[in-house]
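# Structural features, examined
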Amino acid sequence: MQDIKGLTLFVACLVVPLGFVVMAERSAASRMNEASDAASDVPIASAAEDAYCTIGLKQVVRRVAGACGLLESGARGCKPADAKSVASLTGDDFNALFKPLQNRAHIIQYDKDNVILDDGGMKEVEESWAEKRGASFYFVVARASTDGDAAYNTDLSQQRAQAVYNHLQSKFTGDEDLKKVGLLWLGEEYAQLGQDFCTWSRSRDGVECTDKEINRSAFVAWIDCAI
Amino acid sequence: MTTPLAFDDNRPSGGQDYSYSPPPQTGGGGRMPLVVMVVGALFGALFSAISTSDFISHLDRQVHSIHCSFIPGAAAEIGESGCRTVMMSPYSSMFRDSLWGGLPIALLAVAVFAYLVMHAGRLLLAGKPLTKHDSLYLMAAAALPALMTIIYAYIAIAEIGAVCKLCVGVYVSSGAVLVGAVLAHLNAAPAPSSQLPMGQFARQFGEGVLYVAVLAIFYALFAPASPKSTQGCGTLVKKDDGSGIFIPMGSGKGTSAVAVVDPLCPACKGFDERMRASGFYRKLALQSVLFPLDSACNWMVKDSLHPGACAVSEAMLCDKDGAEAILDYAFANQENLRALAKKDRDSGQQNDPKLRAHLEDKFPKVKGCLGSAKIKNQVNKSLKWAVSNALPVLTPQLFIGDKRVCDEDTDLGLEYTIARMLEGGGSSPGKRR
């Protein structure tokens, strides 16, 4: 009798935990198989696509990027382009596209008849470059004031845009993102900035800002649009 | 198997010998220690079984709430607790390279306590007074959980730095079992002979071994296996480091591996501890890519999960030679660093000036570099590397060669998965996410 009791106890003490373990493992296996069929809801790392990425803005960026050879694998270099045809918009409408970038953009100011970046200009360019985040393109839109003739001002604004690019190249040598810089020069004829842009982040912040001074400039910003 | 004790009734029978001489009785005092042992072992088995159940529930590779209370059966908790920390530590199981998650120590405890319930219970059922030989074996058997209690309590305090309430329940139960065994020995009748019954001891020990072996073998046989652990979950599209953003970790040589980490993410801290404890830290040429989940620099997160992570990442990239020391410091002081950044941001300062000053003070080499356009650009490159590889927005992530270790394999199954992937060479040509 004692043998049977002892044997029963021996078996019970072994079988109870054994059954518990096997059942728990089978249950875990079943849950694992069900879970492996479920889709993951973790987002995937991607470039930024901000709310201000309107079709109009994307069209402008795409055309400038195309003109600069950014969308092809060929050699980079912006071709002179008629700004109006690039934008296909009125000047005011063109500027309106960029208004939502107030916290992203910087305005680099130049002296009259000058294309050289001063210290404040270089610092502003570097700061704007560092604010890359998830943006896909860096846009440089250079202008000139209405002083002088139109052809001269077109050339002047082109050199101002180029000066920004040259500084980026010297400061961030070898940076692959330099391939994402699109240059657009507007001269004096198209989309002149209004004085409302004087309140934006400028390289000459605090210095008097007239209609002419705000247009002796390069408008730089990373664009958070997946093109 | 043996049932060593049977009723040895020495009372006279059949009118033959009336000179009855009872054996030295242990009386009620002889039974009570066995009752204490059985009850202690039952509680030990219960606490261990709850712990084992929590461990097994994680074999489905998902996140679960776990029990962490001195009261068996109290509600499970999903958040951080000493029990979770202990369970996720490399000390919670053995043979982790061979079995996903390894063989839980709690399961072995279940086997030992079940055996003790059986052994002490059988002595109780037998009703025969204990001899010193019986109680000597009881003490030896009870000493095993007591010894393991000392070892594991030391590990919990000195190595893991966390105490698990269920484990404390096991420790107390082990103590009760040992006390019962000692009392039983003190009250036991003298041994029938001076010679130890080694054969009986061996049989009883064999029963204990059988308990442990059967539970361990069945556990291994029924443990869920997933081919994902060896196949991985995707591959790297862009393996190279064209921008100098990879940070070498450790001095290991061997298969290249990349860990995607956030210096202020608690899961990354735990992952780092598991990696170091696993021994694979030395077998892999491990490099880190920073992926701070902080909206100050990371556009992929709307809110800062880990405020200040961008600044710490900058510091690491500023001083790549000292990056490991900075990471260690960040892991050790995550809460303080996050609080420092949060304080800055709550007061309207988005660039974490207090945190940056603290980092410059602690790591003077990063002075002049921290916050510069150049280094912010580097952090951005790290994030863009994640974009290039279309990685999930989470940390930590581990790549062995170009194979991505599935997220569910980065905790309990880490050693098993890495071992399997290393056997497979760590690369999967042609396979893409």
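Residues numbered from 1 in each chain as written. Chains lettered and ligands numbered in written order. Predicted model: local features only at pLDDT ≥ 70, side-chain atom pairs only at ≥ 80, totals over all residues.

### As for the environment of B:Leu107
Stated formally: Helical segments are the DSSP runs of H or I of at least four residues, strand segments are the runs of E of at least two, and each set is numbered from the N terminus. We call two residues in contact when their backbone-placed C-beta atoms lie within 7 Å.
Position of B:Leu107 among the secondary structure elements: in helix H3 (residues 105–126). In sequence terms B:Leu107 and B:Asp352 are 245 residues apart; their C-alpha atoms lie 48 Å from each other. If sequence neighbours within four positions are ignored, B:Leu107 has contacts with A:Val21, B:Thr52, B:Leu215, B:Ala216 and B:Tyr219.

### Examining the domain arrangement of chain B
Residues and elements named next belong to chain B. Note the following rule: Per the annotation, domain bounds derive from an automatic or database assignment of domains.
According to the domain assignment, chain B consists of domain 1 (27–222) and domain 2 (230–423). A straight line from the C-alpha centre of domain 1 to that of domain 2 covers 40 Å. At the interface, 10 residues of domain 1 touch 11 residues of domain 2.

### Examining the packing of helix H9 (residues 309–318) of chain B against helix H12 (residues 353–362) of chain B
All names here are of chain B. Definition in use: Working convention: axes come from line fits to C-alpha atoms, limited for helices to the stretch in contact. Angles between N-to-C directions cover 0 to 180 degrees. Orientation categories follow fixed angle ranges, with anything under 35 degrees roughly parallel, anything over 145 roughly antiparallel, 65 to 115 roughly perpendicular, and all other angles oblique. By definition, any crossing whose near helix is turned counterclockwise from its far helix by less than a right angle is left-handed, and any crossing with a clockwise turn is right-handed. Classification used: nonpolar for Ala, Val, Leu, Ile, Met, Phe, Trp, Tyr, Cys and Pro, charged for Asp, Glu, Lys and Arg, polar for all others including Gly.
Put simply, H9 and H12 touch, their axes get as near as 10 Å, and they point 30 degrees apart. As far as their axial angle goes, H12 and H9 are roughly parallel. At the point where H9 passes H12, the crossing takes the right-handed sense. When H9 is examined against H12, the residues Ala311, Val312 and Ala315 are found in contact with a partner set consisting of Leu355, Arg356 and Leu359. Of the residues that constitute the contact of H9 with H12, the class distribution is 5 nonpolar, no polar and 1 charged.

### Description of the sheet that holds strand S4 (residues 217–223) of chain A
All names here are of chain A. For clarity, the threshold we go by: At least two DSSP bridges between two strands are needed for those strands to be called paired.
Taken in spatial order, the 4 strands make up an open sheet running S1-S4-S2-S3, and their pairing is mixed. Two strands close off the open sheet at either side, each with one partner strand: strand S1 (106–109) and strand S3 (181–185). Averaged over all pairs of adjacent strands, the angle between strand axes in this sheet comes to 20 degrees, irrespective of strand direction. By the bridge criterion, 4 bridges tie S1 to S4 in an arrangement that is antiparallel. Its bridge partner lying in S4, Ile107 is registered against Phe219. Across the face of the sheet, helix H5 (residues 119–130) comes into contact with S1 and S4 while running at roughly 155 degrees to S1. Contacts between helix H6 (residues 150–171) and the sheet are confined to S1, strand S2 (137–142), S3 and S4, with S3 contributing the most and set at about 160 degrees to the helix.

### Structural notes on the interface of chain A and chain B
How large an interface is tends to be reported as the accessible area lost when its parts come together. Listed as interface residues are 40 residues of chain A and, on the opposing side, 49 residues of chain B. Contributions of two or more residues to the side of chain A that touches chain B are made by helix H1 (2–37) and H5 of chain A. Considering every element that reaches the side of chain A that touches chain B, the biggest residue donor is H1(A), with 23 residues. Taken together, the residues that form the side of chain A that touches chain B break down as 24 nonpolar, 5 polar and 11 charged.

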